[in-house]
Amino acid sequence: MPDTNTRWDVFCTVVDNFGDIGVTWRLARQLVAEHSVQVRLWVDDLRAFERLCPEIDNQLAQQWQQGVEVRHWPADWPAVDAADVVIAAFACQLPAPYMDAMAAREPPLWLNLDYLSAEDWVVGCHGLPSVKYRNVQKYFFFPGFRQGTGGLLRERGLLERRRQFQQSAQVQREFLQGLGIERAPDSLLISLFAYENAGLASWLDCLARDSTPSHMLVPEGRILGDVARWLGVEELAAGEVHVRDGLTVQVLPFVRQDQYDLLLWSCDFNAVRGEDSFVRAQWAGRPLLWHIYRQDEDIHLDKLEAFLALYTKGLSPPASEAISGLWRAWNDGAAMTDGWQATRKYAPELQQHAEAWCLEQALQDDLAAALVQFYVNWI
Ligand code: TRH
C-alpha cells in the first residue's frame, strides 16, 4: 500500500468524444476510493466531463467530486508542485512548466497511460521506459486483456453488484422505469452506443422483421442521425419512442456514467464503442458488439482482429464465426443481416461465453491496483 499522503496527478486532454474523460475519471475515483491516495485530475474540457458527471461545474477552476480534486487544465498554467505519481493519459503532452516542476523535485513516477489493445506486442511493451525529461523517466503503462499487461479498470465488488442487479427483476424494472422504459415481456432489450454507421439500417431491418420483438435503447449521440434516417423522421430527441413492426426504438438522454453501467447490465445485448463502454459491456456479462474507434491507415482493424482472436477462444466454430462476422460487418459499415441471424442462432452459447469471459478477465489485477503496485515496486 502506498502512503495515503501520496499525491497523484492525472492529466486528461479531451481529444473528442467521452473516452478520455471516461477512463481518467473512473481511474481517479477508484484510486481515491480504494487506495486512499490524493488525486488531482486535470481536464482541459469540463463540458465533456459534465455529461458523464452532472455535478461538475464547468466554470470552476478547482472543485472536489467524490474525493477527487478536479482541476481545469488552463492554457495559462498555474504554478503548482508536481505530484509523486504523474499519469499522462493517452499520450497527452504535459504543460512545460509542470515538466520543470517534476524535474525540480525528487523525481516522481511518470507514466503514460496508453490506449487499450489486445495485440500481442502490448505485453512486451508494458512497463518499459519511454522518454526522459532531464532526470525524470517516463514509463509506458498499457491496459490489456492478458497477463503481463496493466489489466482493465474494474472497481472492487463490481461483479457482485452486477450479479445482484441482474438477479432481481424488480430492481431492473425500477431502474428502467426511472428512465421511462417499459420493457415488453419476452422482448430482446438492446442498447446502442456507436459512431455513425452505414450498417445500422440493415440491422434495424432484421430486428423489425424478427418474430421476437426487440426494444432498442439509444442514448443521445452520434448514431442518432442514422436511426432517424431509418425511421424516416427529421431528427430525434431524448424521450421519443418509435415502433416499426417488431422493433421499438427509444431515445434516452445521455445518462450519467454510473447509470450507464446499470443500463448495460439490464440489456440482453449491448452495442458499445471506443474504449470505456467496451470494457463496461464486458463486465456486464452479456454479448456485445464493438464499434472500434477508427484510426489512420485502418490500424484499428488489427486491434479488432486481435481482440476477436482472444475473445472467441472457447466458442464453437459457428458461434465464433457468427460474432466475428457481425463485428466485422459493423466495423465495415456493411450489411448486418447474416451476422445478426447467426448471432441470434447461437445466442445461448454467446451469453454463456460472455459471462465466462468476464470471469476470466476478472482474474487479472484491475488497472488501478496494477498502477499502485507499479508505483510500490518502483519506489
Ligand atoms: O466516447 P468514446 O467514443 O471515446 C473514444 C474512445 O475512448 C477512443 O478510444 C478514444 O480515442 C476517443 O474517445 C478519443 O467511447 P468510450 O471510450 O466508450 O467512452 C464513452 C464514455 O461515456 C464511457 O465512460 C461511458 C460514458 N457514457 C455515459 O456516461 N453515459 C451514456 O449514456 C453513454 C452512452 C456513455
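Thresholds, definitions, all that
- Here, residues in each chain are numbered from 1, in the same order as that chain's written sequence.
- Per-residue local features are limited, in this predicted model, to residues with pLDDT of at least 70; the limit for side-chain atom pairs, both in listing and counting, is 80 or more; totals at the level of whole chains, interfaces and linings are taken over all residues.
- Excluded from the side-chain calculation are hydrogens and water; included are all heavy atoms of the structure.
- UniProt positions are given in the numbering used here, feature names are shortened, and annotations may be inferred rather than shown by experiment.
- To sort residues, take the accessible area from a 1.4 Å probe on protein chains only and compare it with the maximum for the residue type: under 20% means buried, over 50% means exposed, and anything in between is partly exposed.
- For the purposes of this entry, the term helix denotes a DSSP run of H or I that reaches at least four residues, the term strand denotes a run of E that reaches at least two, and both are numbered from the N terminus.
- Only strands joined by at least two bridges in the DSSP assignment are considered to pair.
- The path from the first strand over the helix to the second decides the hand: if it runs clockwise while the strands point away from the viewer, the crossover is right-handed.
- Candidate patch residues must exceed 30% relative accessible area and have no salt bridge, after which like charges are joined if within 9 Å and Val, Leu, Ile, Met, Phe, Trp or Tyr side chains if within 5 Å.
- With residues, only the protein chains shown are counted as cover, and all accessible areas are computed by Shrake-Rupley using a 1.4 Å probe.
- The term salt bridge refers to a side-chain nitrogen of Lys or Arg lying within 4 Å of a carboxyl oxygen of Asp or Glu.
- When charges are counted, Lys and Arg contribute as positive and Asp and Glu as negative, whereas His and the chain ends are disregarded.
- Every charge is mapped to an atom, namely NZ of Lys, CZ of Arg, CG of Asp or CD of Glu.
- The term nonpolar core refers to a set of buried residues drawn from Ala, Val, Leu, Ile, Met, Phe, Trp, Tyr and Cys, joined through side-chain atoms within 4.5 Å.
- An automatic or database domain assignment supplies the start and end points of every domain.
- To pair, rings of Phe, Tyr and Trp, with the six-membered ring standing in for Trp, must have centres within 6.5 Å; the planes then decide the type, stacked if under 30 degrees apart, edge-to-face if over 60, and tilted in the middle.

Per an unreviewed UniProt entry, the protein chain goes by the name Protein-arginine rhamnosyltransferase and belongs to Pseudomonas violetae. Reading the Sequence similarities (unreviewed entry) entry of the UniProt record for the protein chain gives the comment "Belongs to the glycosyltransferase 104 family." Reading the Catalytic activity (unreviewed entry) entry of the UniProt record for the protein chain gives the comment "dTDP-beta-L-rhamnose + L-arginyl-[protein] = N(omega)-(alpha-L-rhamnosyl)-L-arginyl-[protein] + dTDP + H(+)".

For strand E10 (residues 214–219), the buried fraction is high: 6 of the 6 residues fall into the buried class. Burial along E10 is two-sided: Ser214, Met216 and Val218 and His215, Leu217 and Pro219, pointing in opposite directions, are all buried. Sheet topology note: the strand E9 (residues 188–192)/E10 ladder contains 4 bridges and is parallel. Residue pairing across strands places Leu189 opposite His215, the latter belonging to E10. At this point the chain moves from E9, through helix H7 (residues 200–209), to the parallel E10, and the crossover so formed is right-handed. Pairing of E10 with strand E12 (residues 247–252), which is carried by 6 bridges, proceeds in the parallel orientation. Paired with Met216 across the strands is Val249, a residue of E12.

Turning our eyes to something else, we now look at a negative patch on the surface. On the surface, a cluster of negative charge is contributed by Asp296, Glu297, Asp298 and Asp302. With respect to the element layout, Asp302 can be found in helix H11 (residues 299–311). According to the relative accessible area criterion, Asp302 is partly exposed, its value standing at 46%.

Next up on the list: the nonpolar core. The biggest cluster of nonpolar side chains holds 116 residues, and the ones touching the most others in it are Trp8, Ile21, Leu41, Phe49, Leu192, Trp203 and Trp327. Residue-level mapping places this core at the junction of two domains, with at least three residues from each of domain 1 (7–153 + 365–378) and domain 2 (158–361). Membership of the second largest hydrophobic core comes to 18 residues, among which are Phe11, Ala88, Met99 and Ala101.

Tallied over the full model, the rule gives 38 aromatic pairs. Taken together, a centroid distance of 5.4 Å and an interplanar angle of 90° make the contact between Trp121 and Phe142 edge-to-face. A residue pair is termed long-range when its members are at least 10 positions apart, and Trp121 in helix H4 (residues 121–125) and Phe142 in the loop between strand E8 (136–141) and helix H5 (158–167) qualify at 21 residues. We classify Phe142 as buried; its relative accessible area is 6%. On the numbers, 3.7 Å between centres and 5° between planes, the contact of Phe278 with Trp290 is stacked.

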